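# Coordinates in review
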Amino acid sequence: MTMLTQAPKGTKDILPGDVYKWQYLERKFREIAAGYGFLEIRTPVIEHTELFERGIGGATDVVEKQMYTFEDYGGRSITLRPEGTAGAARAYLEGKLYAGVRPAKYWYETSCFRYEKPQSGRLREFHQFGVENFGSHDMLADAEVIALADEFLRGLGVAELSLRINSIGCPVCRPVYRKQLMEYLSGHYDALCDTCKSRYEKNPLRVLDCKSPVCQGIAAGAPVMLDALCAECAEDFAALQTGLNAFGVGFEIDPMIVRGLDYYTKTAFEFVSDRIGAQGTVCGGGRYDHLIRELGGDDVPGVGFGMGIERLLLVLSESGAEIPAARRPDALVVFLNEEARGEALRLVKSLRGAGLIAEIDTAGRNMKGQFKYADRIGARCCAVLGEEELRSREATVKNMETGEQVRVRFEDAASAIGRRD
RNA sequence: GUGGGUAUAGUCAAGUGGUUAAGACACAUGGUUGUGGUCCAUGCAUGCGUGGGUUCGAGUCCCACUACCCACCCCA
């Protein structure tokens, strides 16, 4: 019984009282993305499971144990998208968008699904804004993507997010580094925490951002990826910083940043807050030079990010940033009796036609009830129609804040009430 | 998957084994047969997440389950 009134674990309704916040962020993001020349792309919620296995990497946590995967009635293995990049990359190939302008720059807003244990800032269904730039090796593409996120976040009035960047190398230098790191860690193996012991074989890079104090101490003395970069990667990392400076984006280098999805190469970055609990990464992204090839396309490089909207909302409320309130109703048309109702309906229609938010009671309330209703919905005015008004063909317009009343002809009501956003 | 915390009305809650489970807000009706928000009056949990147990007696103690929150892990 209770199941019927309970959303599945880790999902959240966005109730009417909160929707304006989402609409505000969506409007802002759309504006900024458009200004940077990114075009919107919409892709399916479901994809073939193999897309994520090949794209994200079969050994990652996301693919191993967090995907909502099922077999459809045609026997296909289908998965609810756990992130946005793989689907965008697939659409890029399938839509032959590589035949168009290069680089191809897209943005999207999507819901994503991962089977995880919910906590603050982590849901099973969550939403992200994302952007992808396909087709450029130039670090200015990375810098531009980061600048877009930075400008967006700054424009919302969130000051306390810090941008951390790193380079995680490429298939040439990463294996070399990995070997160095494993050699170093093997000397401290017994001291590592249990999870890091298992990381040692599977993904030694992850030991670097372990939160256990002991592992942190060990990590502090570990060789650093940045020192092990090949010539090309080192050059690119320098170019990235030059680009960010040129865009006027402040950043700090954090050699401990590691991406959890296998497709990342070179640039890795995060916008992090320390005020919204343990899940502080609001935006994370980087470069993925081999994803498209992995999916069966040509060797097209890419760079992009995903930004968690729920986490962003947490940051916003934590920082006290202003979100413009939803527009209030301009007027409730109040009618005294049955006789006045027809005229009242004509009036509400004409007010709506003039672009106002106008309401009329549809619940059979008496006059007093209608005024209460006006109050509850926050209507700025009431336009009252009774016997006198019908005779004189004038409505009584009452300002609900000041209580002041004026008589206006029906055809002048819309301009008398006006519109306020 | 592993830990920790919480669960009393629509909401926030008081209640620390003993008569009828505080209070506030919200809501409903009335005070006003053409005027709301303010004010006043009245109403609003045979019930304390669910199921067991201890006890003369359980919202209060014990056990199990469920849900939510937080943290690990991982990431947006």
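Residues numbered from 1 in each chain as written. Chains lettered and ligands numbered in written order. Predicted model: local features only at pLDDT ≥ 70, side-chain atom pairs only at ≥ 80, totals over all residues. Heavy atoms only, no water.

## Overview of the confidence of the model for chain A
Inclusion rule: The pLDDT score gives, residue by residue, the confidence of the prediction method on a 0 to 100 scale.
Summarising the model, chain A shows a mean pLDDT of 91, and 99% of its residues fall at 70 or more. Model confidence for the complex is summarised by a pTM of 0.92, with the ipTM given as 0.86.

## Overview of the layout of surface pockets
Cut-off, in case you're wondering: Note on definitions: the grid is 1 Å and covers protein atoms alone; a cavity is a set of points where a 1.4 Å probe fits but cannot get out; a pocket is an open set with protein on both sides within 12 Å along at least five of seven lines; lining residues have an atom within 4 Å of a point. Grid points are joined across faces, edges and corners, and a volume is the space filled by probe spheres set on the points. Per the convention used, a helix needs a DSSP run of H or I reaching at least four residues, while a strand needs a run of E reaching at least two, with both numbered from the N terminus. As a working rule, the residues Ala, Val, Leu, Ile, Met, Phe, Trp, Tyr, Cys and Pro are called nonpolar, Asp, Glu, Lys and Arg charged, and the rest polar, with Gly in that last group.
Its volume calculated, the second largest pocket comes out at about 520 Å³. Lys12, Trp22, Glu310, Leu313 and Leu314 are the residues nearest the centre of the second largest pocket, which is lined by 22 residues in total. Looking at the lining of the second largest pocket, the elements that each hand over two or more residues are α1 (16-35) and α12 (309-319). Examining the composition of the lining of the second largest pocket, we find that five residues originate from one element, α12, more than from any other. A class-by-class count of the residues in the lining of the second largest pocket yields nine nonpolar, seven polar and six charged.

## Notes on the sheet that holds strand β5 (residues 104-113)
Just so we agree on the cut-off: A strand pair is defined by DSSP finding two or more bridges across the two strands. By the convention used here, residues are in contact when the closest approach between their heavy atoms is within 4.5 Å. A fitted line through C-alpha atoms represents every axis, and for helices the fit uses only the stretch in contact; the resulting angles, taken between N-to-C directions, go from 0 to 180 degrees.
The strand order β1-β5-β6-β11-β10-β9-β7-β8 describes an open sheet built from eight strands, whose pairing is mixed. Every other strand in the sheet has two partners, leaving β1 (39-40) and β8 (252-253) as the edge strands with one partner each. Strands in contact with helix α10 (residues 231-247) are β7 (162-167), β8 and β9 (265-272); relative to β7, the strand with the most contacts, it is inclined by about 160°.

## Considerations on helix α14 (residues 367-377)
Heads up, the rule is: To sort residues, take the accessible area from a 1.4 Å probe on protein chains only and compare it with the maximum for the residue type: under 20% means buried, over 50% means exposed, and anything in between is partly exposed. It is the directions from the helix axis to the C-beta atoms whose arc is reported. In protein, a polar contact requires one atom able to donate a hydrogen and another able to accept it; more generally it is a pair of N or O atoms within 3.5 Å, and residues adjacent in sequence count only if both atoms are side-chain atoms.
For α14, every residue scored as buried is listed here: Gly369, Gln370, Tyr373 and Ala374. One face of α14 carries all of its buried residues, which in axial projection span an arc of 145°. For α14, the exposed residues lying more than 90 degrees away from the buried face are Lys368, Lys372 and Asp375. The inward-facing, buried residues of α14 contact β12 (331-335), β13 (358-360) and β14 (381-385). A side-chain oxygen of the first residue of α14 lies 3.3 Å from the backbone nitrogen of Lys368; this N-cap is Asn366.

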